[in-house]
Amino acid sequence: MSSCYQNMPGFSLLFLFLLLHQIAFAQERTISGKVTSAGETLPGVSVVIKGTGKAVSSDASGNYRINVSNGDILVFSYIGYTPKEAAVSAVSGNELNVVLESSVSELQQVVVVGYGTQRKSDVSGSVVSVKPDAMNAIPTTSISEMLRGKAAGVQITTESSRPGGSSNILIRGQRSLSGGNAPLYIVDNVPVNNINDINSADIASVEILKDAASQAIYGTRAANGVILITTKRGASGKIAVDYTGYTGIQQLKKNFSLYNGNEWAAMRREAFRTENAAGNYESDAVVFDKVALEVLNSGNAIDWQKFMISDAWSQKHDISVRGGGDKTQVAASLGYFNQQGMVDGSGFLRGTGRMNVDQKINNKISVGANLSFTRSKISQEDGNLNEYIITSPLAKPYDANGNLQLFVNGENTTNPKFLNEQTLNENTTNRLLFNVFGNVDLFKGFRYRVNANVNTRNNEAGTYRTKAYLKGSNIGNAASISSGNYNDYLIENILSYNRNFAEKHLLDVTLLQSVYKEVGRTTSLSGSNIPTDLLSYNGLPSAQTTAAPGRSVTDRTLLSYMGRLRYTLLDKYLFTVTTRIDGSTVFGPSNKYGVFPSASFAWKMEQEKFLENAAWVDQLKLRVNYGQVGNQAVSPYTTLGEVNSYPFLFGDGSFQTGYLPNSQLSNPNLKWETTTSLNLGVDFGFFNSRITGALEYYNTDTKDLLVSKSINQSLGYSSVLMNLGKVNNKGVEMQLSTTPVRKKDFTWGVDLTFTANRNKLVKITGDVDAAGNPINDLNNNWFIGKPINVYYNYIFDGIWQTGDNIAGSHMPAAKPGDIRVKDLNGDNKIDANDRDIIFRDPKWYGSLGTTLKYKAFDMLVDFYTVQGSVRSNPYLYDFNSGGSLSGKNNGIKVDYWTPENPSNTFPRPRFSSTILYFSALGYQDNSYIQFRSATLGYTLPGKILSPVGIKKARAYVTGNNLFFKTDYSSYNPEVTAGGYPDPRTFLFGLNVSF
């Protein structure tokens, strides 16, 4: 008994331990749930038990699972979102779903404004930010095409649709007559010449500076707008690995038809009939050559477009790695793009690599470097696609043995496919950009930054035609090579001061001194009678006949100083004053420097007391700014006077070269083209940013435009370049983003842009006629008070018909089937005074995009439109483009006049005689509505991805360039039918994050 009592303390302790263990075990449990924000799941959210090192992360679907005790507190945190704490004891059951709120509102987002950043709500200029996700929804290597429709006031037009082709960017209208109108491109604070060398997958943000107040910090190069691109950088934390890629097929898309064999034969017969004195058809033996007649009778006519153009594949793959610690962050990426051409011999191949490094030395000093390399190769087909349209369908591309032959009919028409196979045309470019920078915090509020870069571009273009090549004066065994080396150097010293006084006054001062230098060297050589085809253009040294080599050297230096003062009062009233001074070596001593000031003011009305109860108003900011920017539109050495070389063979057989001035008199007084602009704007945001946008009005004058003025040739010169012209651009813009529906599982967004620009010439040379009226420049179609881009021609008024009173009309010599034009001045005759001005530029352009997200599905649809523009189409009237209705070439099928078909749209065919006023009917309304893109995506569930270490994966299908609604006959209303076809593309893509 006593022994039992003696053991009681031990049993009691054991019992107490087991009881406490059971209680503790009963308090431990597993909590799971989903983390979301604004109806979307958040992958990679850190879920930490407060005060411990125990943590998990949410998977690709936002799901998490963690073992906890009742006394624990869970902390949910994610970059860009406000952390949230949750006590486990307050959770009933084992499920805890958490909604995180964004810590960065639409108005608090930071945008790049040049030599610094600002909160979006504090920007007083006209600056548009474009999200990379919206850009990358368009599958192309052209950054400019990705920007189409994303920003009001930014007009994108296709320059070339071929693989590796580019587009033109025009911001707020054309300003210069002879200088460039392209904007300035800045990538990570470094000016570049071509943004299409940048891999879109590397882009973190794009900002477009549209008004003079925003552009003035870049001075002379900013007259046509500025596009700022910032690439992705590393961040502290876990290493992030991302892969994006797609593959797709390109297909021919057009809105016109060519004559088939029978239709072309009928048109050729009609052309011969017109010139038959009796009006009778000629026999086919007279009308057609032997080969054409044989093909016609056999019914085996050829469609050259189908024969030469076929479906082609494209693919793009990018992989990036980003990460780092507290002091060192690194971002690295590799990219590969391969676009096969729809025409044999054409294609585009590009590889990119980038590394961005940021290093914190100590609390006051940090340094960084950006290194990028791009290698691209463009291959081009022989000639142009014009031949696929105009070559007769009654032809034989193959000989009796099934081999391609040089001539396809009895008229010695060459075979475009044969010639294409005898041609090599390729262009290879390497670009290396190295940028280093350092920041030093001197003392409170003061920071010094040095930024330096070297941008090197090497280019080699080579062409070769084999022995078998023969087309007109172009013969085989011929080659050409041109190489270029271009180097840009930049050093910037930037001193900034930023202080907040008494929480009421914010002062931000930036001072800049920079030196920028461009150096270009090009060399070219061509020759013929090369002994062998084996070496292609590399065999040029063995050419038996060579032309004189070409050499070009171009240097340009820019010395700049800039000061900017930004002052904010009570976080309501925003003032900015900027002045930039630029000096350029391209100008004479008296005008080397230009001074470009600007000022802007913004008022945050939503901060005022009279709106404090309007909870539905998130932002209502008025902006007004005024400023000047410049354009150094002069080419190097122009002010010095240029000479031409003239070789001369003397009687003794010696060969000497002499030099004489060219036909343009030098002008050492040339100066900057200067653009002065007034901009009024309002930024708004309503209903928790469900409706956001901006309205803008601008009025821009550009003066001292470079104009070539004719002079008395007795001086030995025919013209002189002078600062004489003046152009005005004014317009309105609207940018609107809405979210009509924002629910847990469903979000619908709609984005709209609208732009209307009016452009007119105010002054050309300043010359006046005898009556004191300004003289227009008819050679360039420049008219005072009219837009820069116009046509000047007769106005088409239909086709003369049988029964019309032709003899008593203003065109008494016409015949039925001839073109009728308008007698504009009513003098009952047609002469040069009956020509009229035809406006070319669009009245307005805009875009509509919509996005829908439902659970794991997402969809994007994008439309773009241009309205009120006119374009001449040579394929409706020009002989070399197949539009002459002569029956000698094929062409776009039209409804032409015959006695049996009295058309009122196109004249009667003629084999050899000229059709008068033919170009007057070639003007087509090239307004269009484009269904640009449609994408359907699906984000895979996290439970499938987590076991294999994948954080997020999204698969999608996209159709691009799906449809054009336009009256303009071409592959694309922005280019003629002889340009490279703009393909319709269907692709499959995959985005994966690890």
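Note that the structure is predicted; figures quoted are calculated from it, not measured.

Definitions and limits used
- Residues numbered from 1 in each chain as written.
- Predicted model: local features only at pLDDT ≥ 70, side-chain atom pairs only at ≥ 80, totals over all residues.
- Heavy atoms only, no water.
- Helix = DSSP H or I, 4+ residues; strand = E, 2+ residues; numbered from the N terminus.
- Buried < 20%, exposed > 50% of the residue type's maximum accessible area, 1.4 Å probe, protein only.
- Contact = heavy atoms within 4.5 Å.
- Areas by Shrake-Rupley, 256 points an atom, 1.4 Å probe, with all protein chains shown as cover.
- Lys, Arg positive; Asp, Glu negative; His and termini not counted.
- Charge placed at Lys NZ, Arg CZ, Asp CG, Glu CD.
- Pairing = 2+ DSSP bridges.
- Axes fitted to C-alpha atoms, helices over the stretch in contact; angles between N-to-C directions.
- Polar contact = N/O pair within 3.5 Å; in protein donor to acceptor, adjacent residues only side chain to side chain.
- Domains from an automatic or database assignment.
- Buried area = accessible area lost by both parts, 1.4 Å probe.
- Salt bridge = Lys/Arg side-chain N within 4 Å of Asp/Glu carboxyl O.
- Nonpolar A, V, L, I, M, F, W, Y, C, P; charged D, E, K, R; others polar.
- Core = buried A, V, L, I, M, F, W, Y, C linked by side-chain atoms within 4.5 Å.
- Phe/Tyr/Trp six-rings, centres within 6.5 Å; stacked < 30°, edge-to-face > 60°.
- Lys NZ or Arg CZ within 6 Å of the ring centre and 35° of its normal.
- UniProt positions renumbered as here; feature names shortened; annotations may be inferred.
- 1 Å grid on protein atoms, 1.4 Å probe; cavity = no way out; pocket = protein on both sides within 12 Å on 5 of 7 lines; lining within 4 Å.
- Points joined across faces, edges and corners; volume = space filled by probe spheres on them.
- Arc of directions from axis to C-beta.

What to know about the overall build of the chain
A tally of helices and strands in the chain yields twelve helices and 51 strands. Oriented by its inertia axes, the alpha-carbon framework of the chain measures out at about 145 × 70 × 70 Å. Looking at the chain as a whole, 48% of its 994 residues are labelled buried. Relative to all contacts within the chain whose residues are 6 or more apart in sequence, the contacts with residues 24 or more apart total 68%. For the chain, the exposed area adds up to about 46000 Å²; of that, 56% sits on carbon and sulfur atoms. Positive and negative side-chain charges of the chain, numbering 94 and 84 respectively, have mean locations separated by a distance of 6 Å.

Re the sheet that holds strand β6 (residues 73-77)
Sheet architecture is open: four strands sit in the order β4-β3-β6-β7, paired in antiparallel fashion. This sheet does not close on itself; its edge strands, each paired only once, are β4 (55-57) and β7 (84-87). Averaged over all pairs of adjacent strands, the angle between strand axes in this sheet comes to 20°, irrespective of strand direction.

Section: the side chain of N723
For N723, the position within the fold is in strand β39 (residues 719-742). At a separation of 2.8 Å, a polar atom in the side chain of N723 contacts the main-chain amide nitrogen of K671. Side-chain polar atoms of N723 contact the backbone oxygen of D704, separated by 2.7 Å. N723 has contacts with N669, L670, K671, W672, D704, L705 and L706, leaving out every residue within four places of it along the chain.

Remarks on the domain arrangement of the chain
Domain parsing of the chain yields domain 1 (29-99), domain 2 (106-233) and domain 3 (427-570). Placing a centre on the C-alpha atoms of domain 2 and another on those of domain 3 gives a separation of 18 Å. Of the residues lining the interface, 18 residues belong to domain 2; the matching set on domain 3 comes to 20 residues. For the pair domain 2 and domain 3, the summed buried surface comes to about 1500 Å²; carbon and sulfur atoms form 52% of the total. At the surface where domain 2 touches domain 3, the tally comes to one salt bridge. Where domain 2 meets domain 3, there are four residue pairs in polar contact (both at pLDDT 80 or more). Breaking the side of domain 2 that touches domain 3 down by element, the ones donating at least two residues are β10 (117-119) and β15 (190-192). Looking at which element gives the most residues to the side of domain 2 that touches domain 3, the answer is β15, with three residues. Split into classes, the residues belonging to the side of domain 2 that touches domain 3 amount to seven nonpolar, seven polar and four charged.

What about the pattern of salt bridges?
As enumerated under the stated definition, the model contains 45 salt bridges in all. Between R580 and D582 there is a salt bridge, with its nearest N and O atoms 3.0 Å apart. Of the charged contacts in the structure, one is a salt bridge between D862 and R932, with a shortest N-O distance of 3.5 Å. Of this pair, D862 sits in strand β46 (residues 857-867) while R932 sits in strand β49 (residues 928-939), and the two are 70 residues apart along the sequence. On the basis of relative accessible area, D862 is assigned to the buried category, the value being 4%.

Focus: the nonpolar core
Taken as a class, soluble globular proteins show a tendency for nonpolar side chains to be buried jointly. Counting 50 residues, the largest nonpolar core has F288, I309, L394 and L885 as the members making the most contacts within it. Counting residues per element, the ones that place at least two in this core are α6 (261-274), α8 (290-298), α9 (304-308), α10 (386-390) and β43 (819-821). Per-element tally for this core: the top contributor is α6, with four residues. Here I309 is in contact with L252, M342, V343, L385, Y388, Y971 and P981, once residues within four sequence places are set aside. Core analysis: the next-biggest nonpolar cluster, separate from the first, contains 23 residues, I143, I171, I203 and I208 among them.

Details of the packing of aromatic side chains
One pass over the full model with this rule turns up 26 aromatic pairs. Ring geometry for F754 and W844: centres 5.4 Å apart, planes at 35°, overall tilted. Placement of the pair is F754 in strand β40 (residues 746-763) and W844 in strand β45 (residues 844-854), with a sequence separation of 90 residues. Taking the relative accessible area as the measure of exposure, F754 reaches 29% and is therefore partly exposed. Among the aromatic residues, ring-to-ring pairing joins W616, F684, F686 and F687 into one connected group. Across the ring face of Y469, the terminal group of R465 is positioned such that the distance to the ring centre comes to 5.3 Å. Positioned above the aromatic ring of W800, the side-chain terminus of R820 is 5.0 Å from the ring centre.

With respect to unusual backbone geometry
Positioned with a positive phi, S536 is a non-glycine residue whose angle comes to about 50°. Here S536 is to be found in the loop between β28 (505-528) and β29 (545-546). Note on S536: relative accessible area 15%, which makes it buried. Even without glycine at this site, F687 takes up a positive phi of about 55°. Structurally, F687 can be placed in the loop between β37 (673-686) and β38 (691-710). On the basis of relative accessible area, F687 is assigned to the partly exposed category, the value being 44%.

Observations regarding the UniProt feature "domain: TonB-dependent receptor plug" (unreviewed entry) in the chain
Here, UniProt's "domain: TonB-dependent receptor plug" (unreviewed entry) annotation points to residues 120-226. Along residues 120-226 the backbone is 11% helical and 27% strand, and the end-to-end C-alpha distance reaches 17 Å.

Description of empty space enclosed by the protein
A full pass over the atoms with the stated rule returns nine cavities of 30 Å³ or more. Computed from the structure, the largest cavity encloses a volume of approximately 490 Å³. Lining the largest cavity we find 32 residues, and of these P139, T140, E145, N960 and D982 sit closest to its centre. Those elements that provide at least two residues to the lining of the largest cavity are β18 (237-251), β20 (328-340), β49, β50 (952-966) and β51 (984-993). If one sorts the elements of the lining of the largest cavity by residue count, β50 sits on top with three residues. Its residues placed into classes, the lining of the largest cavity shows eight nonpolar, 18 polar and six charged. Its volume calculated, the second largest cavity comes out at about 150 Å³. In terms of lining residues, the second largest cavity is bounded by 15 residues, among which V113, Q118, A213, S214 and T576 are the most central.

Brief notes about α8
Three or more residues of α8 are buried, namely A292, V295 and L296. Along the long axis of α8, the arc covered by the buried residues comes to 100°, so they all point the same way. In this structure, α8 carries K290 and N297 as exposed residues pointing more than 90 degrees from its buried face. Where α8 is buried, its residues contact α6 and α7 (284-287).

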